[in-house]
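Coordinates in review
If you want the building blocks of each chain, they are given just below.
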Amino acid sequence: MWNPLRLFGERTIPAERIEPTIEVRSSDWTADWLAGRDLGYSSPSVTGVEINQHTAMQCVSVMACVSMISEDIAKLTPSVFRRQDDGGRVEERGHFLYELLDQPNDWQTWYEFCQMMNIGLLLRGNAYAVIVRDWRGNPSFLVPINPDKVALWEAPDGSIFFMVTRTGLHELAVLREQPLLIPYRDILHLKGASGNGLLGFSRIAMAREAVALAIAQEQQAVRWMGNGAKPSGILTTENKLTPEAAKRMAEDWRNTHAGLQNSGKVAVLEQGLKWQALSMTASDMEFIASRTFQLQEIARMFRIPPHMIGELSRSTNNNITQQSQEYANYTLSTYTKIWTSRLAKTFGMSRRSGLHVDFDMRILLEADLGQRINMHRQAVLGGLETQNEGRLAIGLNPMEGGNVLLTPSNSTPYGSDHSGDAPDGAGKPPADGPTPDQNPSD
């Protein structure tokens, strides 16, 4: 039986109207929940490795994928636009969200805020930020919350609330005016693929075996390097060794040659011992190949081209450019769409209002300077942009008279009477017929 003190400001609910509800944590709509694990913070794997946000990020390939996507999205500049009747758009700088997307709160920049939200979205399939409002009800700032500290509550009448576990003096201070159960409308909730429409699937819980296997293989390799006495060869002798001699020699070998710190030391042999070098076995080669395969599995899990996290076995100079373009088109655009659609939904920007949020992705699509200059040159000569627009795009200051679109000399509007390379009216037949030097048949 739960009995929150208040839900909407000072509004209270009578105790007799409160019924028991089921608490569902943000990671429970995963294999964790199906297995009946009520906490959902950590998922056990067959390897014995517990998978949670902390352990998953210890996997280098997971950390590389999460860091890349979260950082790339945070690089993009979002803004609020209003659609024009002619199909264009202008920035709506007077909208409250325009400033909020630049400074979401007093202690974070947009980059830091966006990166933190993206990490929760990538790992747990959910990202949360509490919307703190002023006395007029307008959003003042956004407080990002780790998804493991947020639980979904469903009221008997279908209302949705989020219970946020406050940890640390800072969260306690900035959320001191928030109720125990925060209404859905006061939470910016980004979610990925969902099974119930309320919570997203936790990616690291659904793919915990792939992540755990990558971690286990790395731990196995580390133990082999640090503790294993497996040499690159074996010692043999035709003499019979006493148990004491064999034990002593094994101990000496272990102290002298086992472990990474003893790599490269010279071996001094006795009792007729001979060194026989060993080549890499098939199992060793298979272990290395399996580690590469797990890296590819993690890349597939996050829809990252393998070459972007250092796996270049199937990459060429010809297909890397195409894969990078697909990364922007198919991976990053998915997350920018999650952001823009949720911002519009949460802050009431419908199509009818003419307002929308968009991300400027040009920073991720820029070519080298030579290609960019040539591209803008063609755009200026083709009348697609002004000289100043091209100059600003490559970091130069605008020049006087550079805000005029140029018209190509060999192009004229449809139905024009002039050729375009002479003053207007040149070549136009006179109203009273051809001139004396013209052939009427022409």
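Before going into details, it helps to say that this report is about the structure given with it. Keep in mind it's a predicted model, so treat the numbers as computed, not measured.

Before going further, it helps to examine the overall build of the chain. Along its length, the chain carries 14 helices and 14 strands. Within the span of the chain, comprising 442 residues, buried residues form 36% of the whole. When the accessible surface of the chain is split by element, carbon and sulfur atoms take 54% of a total near 26700 Å².

Right, let's talk about the packing of aromatic side chains for a bit. The description of two aromatic rings rests on the distance between their centres and on the angle between their planes. Enumeration over the complete set of coordinates arrives at eight aromatic pairs. Where Trp 110 meets Phe 113, the ring centres are 6.0 Å apart and the plane angle is 40°; that geometry is what we call tilted. Placement of both Trp 110 and Phe 113 in helix 5 (residues 110-124) is noted, with a separation of three residues, approximately one turn of the helix. By relative accessible area, which is 7% here, Trp 110 ends up buried. We classify Phe 113 as buried; its relative accessible area is 0%. Aromatic side chains Phe 113 and Trp 339 sit 6.4 Å apart centroid to centroid with 65° between the ring planes, which places their arrangement in the edge-to-face category.

Turning to the nonpolar core, a few remarks are in order. Counting residues in hydrophobic clusters, the biggest one holds 53 residues, and the most contacted among them are Val 62, Ile 69, Leu 188, Phe 302 and Trp 339. Counting residues in hydrophobic clusters, the runner-up holds 15 residues, among them Val 130, Val 132, Val 143 and Leu 175.

Here we have three strands laid out as an open sheet, ordered 5-4-14, and antiparallel in their pairing. Single-partner strands in this sheet number two, and they are strand 5 (89-91) and strand 14 (355-360). For this sheet, the mean angle separating the axes of adjacent strands, direction not counted, is 45°. Note that strand 4 (residues 77-83) and strand 5 share three bridges and pair antiparallel.

What follows is about helix 3 (residues 60-75). An α-helical turn contains 3.6 residues, so any two residues separated by three or four positions project in the same direction. A rise of 1.5 Å per residue sets the reference length of helix 3, with its 16 residues, at 22 Å; its end C-alpha atoms lie 22 Å apart and thus fit the reference within 8%. Here helix 3 has its buried residues at Ser 61, Val 62, Cys 65, Val 66, Met 68, Ile 69, Ser 70, Asp 72, Ile 73 and Ala 74.

Tallied over the full model, the rule gives 10 salt bridges. In this structure, Arg 89 engages Asp 358 in a salt bridge whose closest nitrogen and oxygen atoms are separated by 2.9 Å. Of the two residues, Arg 89 sits in strand 5 while Asp 358 sits in strand 14, which places them 269 residues apart along the sequence. Given the relative accessible area of 42%, Arg 89 is considered partly exposed. When its relative accessible area of 28% is taken as the criterion, Asp 358 is described as partly exposed. Residues Glu 171 and Lys 149 are paired through a salt bridge, measuring 2.7 Å at the closest nitrogen-oxygen approach. Placement of Glu 171 in helix 6 (residues 168-174) and of Lys 149 in the loop between strand 7 (139-145) and strand 8 (150-154) is noted, with a sequence separation of 22 residues between them. Taking the relative accessible area as the measure of exposure, Glu 171 reaches 11% and is therefore buried. A single network of salt bridges, built from pairs that share partners, joins Arg 133, Arg 185 and Asp 186.

How each quantity is defined
- Residues numbered from 1 in each chain as written.
- Predicted model: local features only at pLDDT ≥ 70, side-chain atom pairs only at ≥ 80, totals over all residues.
- Heavy atoms only, no water.
- Helix = DSSP H or I, 4+ residues; strand = E, 2+ residues; numbered from the N terminus.
- Buried < 20%, exposed > 50% of the residue type's maximum accessible area, 1.4 Å probe, protein only.
- Areas by Shrake-Rupley, 256 points an atom, 1.4 Å probe, with all protein chains shown as cover.
- Phe/Tyr/Trp six-rings, centres within 6.5 Å; stacked < 30°, edge-to-face > 60°.
- Core = buried A, V, L, I, M, F, W, Y, C linked by side-chain atoms within 4.5 Å.
- Pairing = 2+ DSSP bridges.
- Axes fitted to C-alpha atoms, helices over the stretch in contact; angles between N-to-C directions.
- Expected span 1.5 Å × (residues − 1).
- Salt bridge = Lys/Arg side-chain N within 4 Å of Asp/Glu carboxyl O.

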